[in-house]
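Structure assessment
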Amino acid sequence: MPTKALQRLREEVLEANLELVRRGLVLYTFGNASGILRDEGLIVIKPSGVPYETMKPEHLVITDLEGKVLESTLRPSSDLSTHVALYQAFPTIGGVVHTHSEYATAWAQAGREIPCFGTTHADYFHGAVPVTEPMPGEEIEGDYEKNTGAAIIRRFRSLNPNAVPAVLVANHGPFTWGRDPSTAAHNAVVLESIARMAFFTVTINNEANAIGKTLHDRHYLRKHGSKAYYGQEKDAK
Ligand SMILES: [Zn+2]
């Protein structure tokens, strides 16, 4: 099974996990990043409870597309089932990240979506960053991590996960995703920044208005979609 693509994905997933540490999004062993090789039917995810300082590509856990562990002596992140649910529901994504980064988690705990107050938000998220409905007791007592995925998917029934690559799970914290693990981690970093700015915005003016649609669309669409023109040819970062 050790193909070149899998080895590359292990390194990418490790790097995405380490990026969360470098950017101050996680404490101790909190947080997790994963990636998927859809053609090969494999998911690579952070192991549970291994310190980031000693984590190596070979510590990452390989599972099939149902989340069944194929290769590892370590247990996968306990949030694996949420990642699996998102990969199954959102067929275009290639990486998922979960953190308890403070500002995004504060909005999640408040049960409030993050309105798009400015162009930094509009560059990345086409619309507010949504918050899920609180999960009913039987879903929490049941297959909790899988049901967390189901709560996110329910929230995205009328949303496009490619245009809004982030969600706040009520009373819990953010999940982000992207075309690959590094984009998912990048989106987690940007989400934390816009969550922080939005908090300051409503603190300064609790009647602040969300950005107008024209400015929002202008910023989002110059970086995304068929008429994108921001950045260099390949990468719009
Ligand atoms: Zn969590």
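Residues numbered from 1 in each chain as written. Predicted model: local features only at pLDDT ≥ 70, side-chain atom pairs only at ≥ 80, totals over all residues. Heavy atoms only, no water.

A word on the coordination of the zinc ion
Definition in use: Each metal's donors are the N, O and S atoms within 2.8 Å of it, or within 3.2 Å when it is Na, K or Ca, and because water is not part of the set, sites may look incomplete. Strands are runs of DSSP state E lasting at least 2 residues, helices are runs of H or I lasting at least 4, and numbering of each runs from the N terminus. Between buried and exposed lies partly exposed: a residue is buried under 20% and exposed over 50% of the maximum accessible area for its type, with that area taken using a 1.4 Å probe on protein chains only.
The zinc ion binds to the protein through His98 (NE2), His100 (NE2) and His172 (NE2); the donor distances cover 2.1 Å. Look at where the donors of the zinc ion fall in the sequence and you get H-x1-H-x71-H. Placement of the pair is His100 in the loop between β5 (95-98) and α3 (102-110) and His172 in the loop between β6 (166-169) and β7 (173-178), with a sequence separation of 72 residues. Under the relative-accessibility criterion, His100 is labelled partly exposed at 38%.

What about the environment of Ala106?
Its location among the elements puts Ala106 in helix α3. What makes Ala106 partly exposed here is its relative accessible area of 40%. In the structure, Ala106 is positioned 65 residues away from Asn171 in sequence and 8.5 Å away in space, judged by C-alpha atoms.

Some words on the pairing of β7
What counts is decided by this rule: Pairing between strands is defined by DSSP: at least two bridges between the two strands are required.
Burial within β7 is extensive, with six of its six residues counted as buried. With four bridges connecting them, β5 and β7 associate as antiparallel partners. Within β7, the residue paired with Gly95 across the bridge is Gly178. Bridge count for β6 against β7 is four bridges, and the pairing is antiparallel. Directly across from Val167, in β7, lies its bridge partner Phe175. Two successive antiparallel strands, β6 and β7, enclose a turn made up of three residues, where Asn171 displays a positive phi of approximately 60°.

Quick word on the environment of Pro91
Checked against the element boundaries, Pro91 lands in the loop between α2 (80-89) and β5. For Pro91, a relative accessible area of 57% gives the class exposed. Pro91 sits 71 residues away from Asn162 along the chain, and the two C-alpha atoms are 10.0 Å apart.

Describing α3
This is how it is decided: By definition, the arc is the one covered by directions from the helix axis to the C-beta atoms. The contact criterion used throughout is that any non-hydrogen atoms of two residues lie within 4.5 Å.
Within the sequence span of α3, burial applies to Ala104, Thr105, Trp107 and Ala108. Within α3, the buried residues cover an arc of 155° as seen down the axis, which keeps them to one side. Residues of α3 that are exposed and angled more than 90 degrees away from the buried face: Glu102, Gln109 and Ala110. The inward-facing, buried residues of α3 contact β6, β7 and α7 (181-204). Taken from the residues just after α3, Gly111 is the one with a positive phi, measuring 70°.

Examining the side chain of His219
Selection rule: In the analysis that follows, any N or O atom pair within 3.5 Å is treated as a polar contact, provided that within protein one partner can donate a hydrogen and the other can accept it, and provided that, for residues neighboring in sequence, both atoms belong to side chains.
For His219, the location among the structural elements is in helix α8 (residues 213-223). Here Asp123 takes part through its side chain, which lies 2.9 Å from a polar atom of the side chain of His219.

Some details on the packing of helix α1 (residues 4-22) against α7
Pairs of packed helices are described in terms of their axes, by the angle between the two and the distance that separates them. For the record, the criterion: Note on definitions: angles span 0 to 180 degrees between N-to-C directions of axes, and those axes are lines fitted to C-alpha atoms, for helices only across the stretch in contact. Here is the rule for angles: anything less than 35 degrees is roughly parallel, anything more than 145 is roughly antiparallel, 65 through 115 is roughly perpendicular, and the remaining ranges are oblique. Residue type decides the class: Asp, Glu, Lys and Arg count as charged, Ala, Val, Leu, Ile, Met, Phe, Trp, Tyr, Cys and Pro as nonpolar, and the leftover types, Gly among them, as polar.
The contact between α1 and α7 brings their axes to 8 Å, and the two run at 10°. Between α1 and α7, the interaxial angle falls into the category roughly parallel. Of the residues in α7, those in contact with Leu9, Glu12, Val13, Ala16, Glu19 and Leu20 of α1 are Pro181, Ser182, Ala185, Ala188 and Val189. Of the residues belonging to the contact of α1 with α7, the class tally is eight nonpolar, one polar and two charged.

Regarding the environment of Ala228
Here Ala228 is to be found in the segment after α8. Along the sequence, Ala228 and Arg218 sit 10 residues apart, while their C-alpha atoms lie 9.9 Å from each other. Setting aside chain neighbours within four positions, we find Ala228 in contact with Leu221, Arg222 and Lys223.

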